[in-house]
Amino acid sequence: MSDSDLSRRGFLQHSLAAVGPMVAATTLPIPDVHSNAAQAPLSVVCVGGHPDDPESGCGGTLARYAAAGHVVRIVYLTRGERGIEGKSLEDAAHIRTLEAEAACVVLGATPVFFGQVDGATEVTKPHIANMTKLLGDAKPDIVFLHWPVDTHMDHQAASLIGLRACMALRTPSVFFFEVNAGSQTNLFRPDTYVDISSVVEKKKAALLAHTSQDGAAIWRAHHEPMANWRGRESGALAAEGFVRLPRAEAADRLPGA
Ligand SMILES: [Zn+2]
């Protein structure tokens, strides 16, 4: 069968029909505040290990929430202090803070810097208490966290600290995201997708704001193929994939649904 015989969407539908109820993947709804006066703005928070992680893992989704009128905050556990060769921790932190702030402008998010140090992150009760206070003040409806099976310990620390805070706060909706799939995030099997085809250029621009990290190379090597791959899985041109943490508090309701 040639490509012209079978569209991507058609292929997906055939595939889903073939495997039936085994497929539990769903699409995360993003309600529009502007066109629906009854829709209150949601509080959306993403916690990432370093500047560029939230942009990589869910930059498209965050851009869509912001554009739909929701309040989006990005918490950076560190300022990426060890991410620029030849620079002091202080100088690198300064450069990467500016890059993160520029990326947040692109996405429509507010940056928050948690204050740990790149390469020296710790999962301690005081840090968990601080994150619980920070998230508690934000009253999040939805939290995005690193998937904890990851080769970078800072990503794992951000995931666990965020998860402990969400459990303490009984945050209704928690979703795990992936970064540099296969090289950093591992064993990730999405069950929820967001179509990012309308905001791919925004996501790319947010990554490119991280000049010191060669965001263009990271985009080409990792996040462009990942967006295409998750798109094929979900019937979109480009998508981000997530693993949803099932919470009794939210039953089966997705945020905004
Ligand atoms: Zn990172």
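For the structure, check the block above.
Residues numbered from 1 in each chain as written. Predicted model: local features only at pLDDT ≥ 70, side-chain atom pairs only at ≥ 80, totals over all residues. Heavy atoms only, no water.

What follows covers the overall build of the protein. Along the protein, the regular secondary structure elements total 7 helices and 8 strands. For the protein, with 257 residues in total, the buried portion stands at 50%. For the protein, contacts bridging at least 24 residues in sequence account for 79% of all contacts bridging at least 6. Approximately 11,900 Å² of the protein is accessible, and the part contributed by carbon and sulfur atoms is 56%. (Helix = DSSP H or I, 4+ residues; strand = E, 2+ residues; numbered from the N terminus. Buried < 20%, exposed > 50% of the residue type's maximum accessible area, 1.4 Å probe, protein only. Contact = heavy atoms within 4.5 Å. Areas by Shrake-Rupley, 256 points an atom, 1.4 Å probe, with all protein chains shown as cover.)

Here the zinc ion is held by the protein donor atoms His50 (ND1), Asp53 (OD), Asp53 (OD) and His155 (NE2), which lie 2.1 to 2.6 Å from it. For the zinc ion, the 4 donor atoms in the first shell make angles of 54 to 138° at the metal, so the coordination geometry reads as irregular. Here the donor residues of the zinc ion are spaced in sequence according to H-x2-D-x101-H. (Donors = N, O, S within 2.8 Å, 3.2 Å for Na, K, Ca; no water. Tetrahedral: all angles 85-135°; square planar, octahedral: opposite > 155°, others 65-115°.)

Spatial ordering of the open sheet is given by β1-β7-β8-β6-β5-β2-β3-β4, a layout of 8 strands whose pairing is mixed. Whereas interior strands pair on both sides, the edge strands pair on one side only; in this sheet they are β1 (26-27) and β4 (110-116). By the bridge criterion, 6 bridges tie strand β2 (residues 43-48) to strand β3 (residues 71-78) in an arrangement that is parallel. Note that in β3 the partner of Val44 across the bridge is Val72. The sheet contacts of helix α7 (residues 215-234) involve β7 (192-195) and β8 (239-245), and relative to β8 the element is tilted by about 70°. (Pairing = 2+ DSSP bridges. Axes fitted to C-alpha atoms, helices over the stretch in contact; angles between N-to-C directions.)

Turning our attention to α7. Residues lying three or four places apart along an α-helix face the same way, a consequence of the helix completing one turn every 3.6 residues. The largest bend along α7 measures about 40° and falls at Ala221, with the proline Pro225 one to four residues further on. Where α7 terminates, the next one or two residues include Gly235, which has phi positive at roughly 80°. (Bend = angle between axes of the 7 residues up to and from the residue.)

Where two aromatic rings form a pair, the distance of their centres and the angle of their planes describe that pair. Taken as a whole, this structure holds 7 aromatic pairs when the rule is applied. An angle of 85° between the planes, with centres 5.6 Å apart, marks the rings of Trp147 and Phe188 as edge-to-face. Placement of the pair is Trp147 in the loop between β5 (142-146) and α5 (153-169) and Phe188 in the loop between β6 (173-177) and β7, with a sequence separation of 41 residues. Relative accessible area serves as the criterion here: at 18%, Trp147 is assigned to the buried category. Between Phe175 and Phe242 the ring centres are 6.4 Å apart and the planes differ by 75°, which places this aromatic pair in the edge-to-face class. Residue Phe175 is found in strand β6, and its partner Phe242 is found in strand β8; the two are separated by 67 residues along the sequence. Phe175 gets classed as buried once you look at its relative accessible area, which sits at 0%. (Phe/Tyr/Trp six-rings, centres within 6.5 Å; stacked < 30°, edge-to-face > 60°.)

Our next topic: the environment of Thr124. Along the polypeptide, Thr124 turns up in the loop between β4 and α4 (125-138). Among the residues examined, Thr124 registers a relative accessible area of 25% and is labelled partly exposed. A sequence separation of 33 residues divides Thr124 from Ala157, and the C-alpha atoms of the two residues are 9.5 Å apart.

Another aspect to go through is α4. Between its first and last C-alpha, α4 extends 20 Å over 14 residues, near the 20 Å set by a 1.5 Å rise per residue. Those residues of α4 that sit buried are His127, Ile128, Met131, Thr132, Leu135 and Ala138. Viewed along the axis of α4, the buried residues span an arc of 140°, placing them on a single side of the element. Exposed side of α4, more than 90 degrees from the buried face: Lys125, Pro126, Lys133 and Asp137 are the residues found there. (Expected span 1.5 Å × (residues − 1). Arc of directions from axis to C-beta.)

Remember, this is a structural readout, not a statement about activity or role.
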